[in-house]
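# Per-entry structural report
Here is what each chain is made of, one letter per residue.
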Amino acid sequence: MADLSPQELRVLAAVADSGGFSAAGALLGLSQSAVSHSVRGSEAKVGAVLFERGRGGASPTPAGERAVALARRILRMYEVLGAEARGAGRDTVAGVLRIAAFRSAALHLLPPALERLTARHPGIRPEVRVVRELGAGTAGEVAAGRADLAIATLNAGGGAGGGVGGATGATGSVPAGAAAPGRLLTGVLREEAYALVHPAGHPDPRSLPLLDWDENCGSYTRDWWRAQDWIPRATVKAEDDGMVLTMVGRGLGMAILPELSLREATDAVDITGLGPSGPVRHVGYVTAPESASTLAVRALIRELRSEAG
């Protein structure tokens, strides 16, 4: 198979990002026919149809989704090559560092780590995107080549060590300490116990309705919940864990939340531990093998590990 050139990779990524050949041409300063010709040439080299063409534009086929993800990751290595070469042996790191994180991690875990990182390496420019842990979740941003590193919920695998979600479950969580989907690399940063959160001073919090949010749908946590006859079916689904916490403080129900979410708790709520058999989740980082060796990603992982204790 003939190699695809960097320009061909850029065209593939632009078509996927823009949803059409004309729009991709506008992004790249090319004509629609030039984009179409480039895509046909790439498909011939790869030996697979990469885009479905239609009146509404172009959308990646399964083969195209994989090819575009790899194209983005390869192009990212072209982007960081210069910074890597200049920083080698000089302990200097520079350039954009793209990070995906779920809401509570972006609020509480990332900021102190980024503060230390940018103080030590002023040339780094972090770009943080908050991504819900649904579907592919934050790890999916790394797999798709849109992030260099993600903060994700990990599944350490069964029993009391099981995190929220599974490798192929409804959430975006991935296996800890191993290769994640798409041959990504993961590492555990912290283990968090869940706790019962309820309105302050309530005489019987277990009698309250259950409040929940979509991202809190991990397989192990749900199995634990189903085994507890005192936990009712959720009657309210909020947008995120912060909204759940606010609603609990307003006396609208109880909730079961992990430690990072509880950093925003006020005096309006009380927090009760669930004991040694209660559910836990593992929070960690996800990165691609080629990014794991870059100076910026390695520096960020060091700061995240330092922050996690």
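So, here is what we can say about the structure in this document. Computed from a predicted model, the values in this text were never measured in an experiment. (Residues numbered from 1 in each chain as written. Predicted model: local features only at pLDDT ≥ 70, side-chain atom pairs only at ≥ 80, totals over all residues. Heavy atoms only, no water.)

### Considering the overall build of the protein
To keep things clear, this is the line we draw: Only runs of H or I of at least four residues qualify as helices and only runs of E of at least two qualify as strands under DSSP, and these elements are numbered from the N terminus. Contacts were defined at the residue level, with two residues in contact if any of their heavy atoms lie within 4.5 Å. We get accessible surface area from the Shrake-Rupley algorithm with a probe of 1.4 Å; when it comes to residues, only the shown protein chains can shield them.
Per the secondary structure count, the protein includes twelve helices and 13 strands. Relative to all contacts within the protein whose residues are 6 or more apart in sequence, the contacts with residues 24 or more apart total 71%. For the protein, the accessible area works out to roughly 14,100 Å², and carbon and sulfur atoms hold 53% of it.

### Looking at a nonpolar patch on the surface
The following threshold applies: Residues enter patches when their relative accessible area tops 30% and they take part in no salt bridge; the joining distance is 9 Å for like charges and 5 Å for the nonpolar side chains Val, Leu, Ile, Met, Phe, Trp and Tyr. Salt bridge criterion: a side-chain nitrogen from Lys or Arg within 4 Å of a carboxyl oxygen from Asp or Glu. For every residue, the accessible area obtained with a 1.4 Å probe (protein chains only) is divided by the maximum for its type, and the residue is called buried under 20%, exposed over 50%, and partly exposed between those limits.
Together, Leu27, Leu28 and Leu30 make up an exposed nonpolar region whose accessible area comes to about 240 Å². Inspection of the secondary structure puts Leu27 in helix α2 (residues 21-28). Judged by its relative accessible area of 60%, Leu27 is exposed.

### Topic: helix α4 (residues 62-87)
Threshold: Working rule for helices: expected span equals 1.5 Å times residues minus one. To get the bend at a residue, fit one axis to the 7 residues ending there and another to the 7 starting there, then take the angle between the axes.
Given a rise of 1.5 Å per residue, 26 residues ought to cover 38 Å, and the 37 Å separating the end C-alpha atoms of α4 matches this to within 8%. Along α4, the helix axis deviates most sharply at Val80, where the bend reaches about 40°. Within α4 the residues assigned to the buried category are Gly64, Ala67, Val68, Ala69, Ala71, Arg72, Arg73, Leu75, Arg76, Val80, Ala83 and Gly87. Of the residues one or two after α4, Gly89 is the one with positive phi, at around 75°.

### Observations concerning the side chain of Glu8
This is how the line gets drawn: Definition of a polar contact: a pair of N or O atoms within 3.5 Å, with one able to donate and the other able to accept a hydrogen when the atoms are protein atoms, and with sequence-neighbouring residues admitted only if both atoms are side-chain atoms.
Here Glu8 is to be found in helix α1 (residues 6-18). Among the polar contacts made by the side chain of Glu8, one reaches the main-chain amide nitrogen of Ser5 at a distance of 2.8 Å. Aside from chain neighbours lying at most four places away, what touches Glu8 is Asp3, Ser38, Gly41, Ser42 and Lys45.

### Topic: the packing of aromatic side chains
Each pair of aromatic rings is reported with the distance of its centres and the angle of its planes. To keep things clear, this is the line we draw: When two rings of Phe, Tyr or Trp (its six-membered ring) have centres within 6.5 Å they constitute a pair, described as stacked for plane angles under 30 degrees, edge-to-face for angles over 60, and tilted for the intermediate range. Charge over a ring is defined by NZ of Lys or CZ of Arg lying within 6 Å of the ring centre and within 35 degrees of the ring normal.
On inspection of all chains with the given rule, the structure shows zero aromatic pairs. Its guanidinium or amino end placed over the ring of Trp230, Arg206 lies 4.0 Å from that ring's centre, counting from NZ or CZ.

### Quick word on the pairing of strand β1 (residues 51-54)
Heads up, the rule is: Any two strands between which DSSP finds at least two bridges are classified as paired.
Bridge count between β1 and strand β2 (residues 57-60): four bridges; the pairing is antiparallel. Bridging from a neighbouring strand, Arg53 pairs with Ala58 of β2. Between the end of β1 and the start of β2, which pair antiparallel, lie two residues.

### Describing the environment of Ser36
Relative to the helices and strands, Ser36 resides in helix α3 (residues 32-46). With twelve residues separating them along the chain, Ser36 and Ala24 place their C-alpha atoms 9.8 Å apart. There is a polar contact of 2.7 Å between the side chain of Ser36 and the side chain of Arg40.

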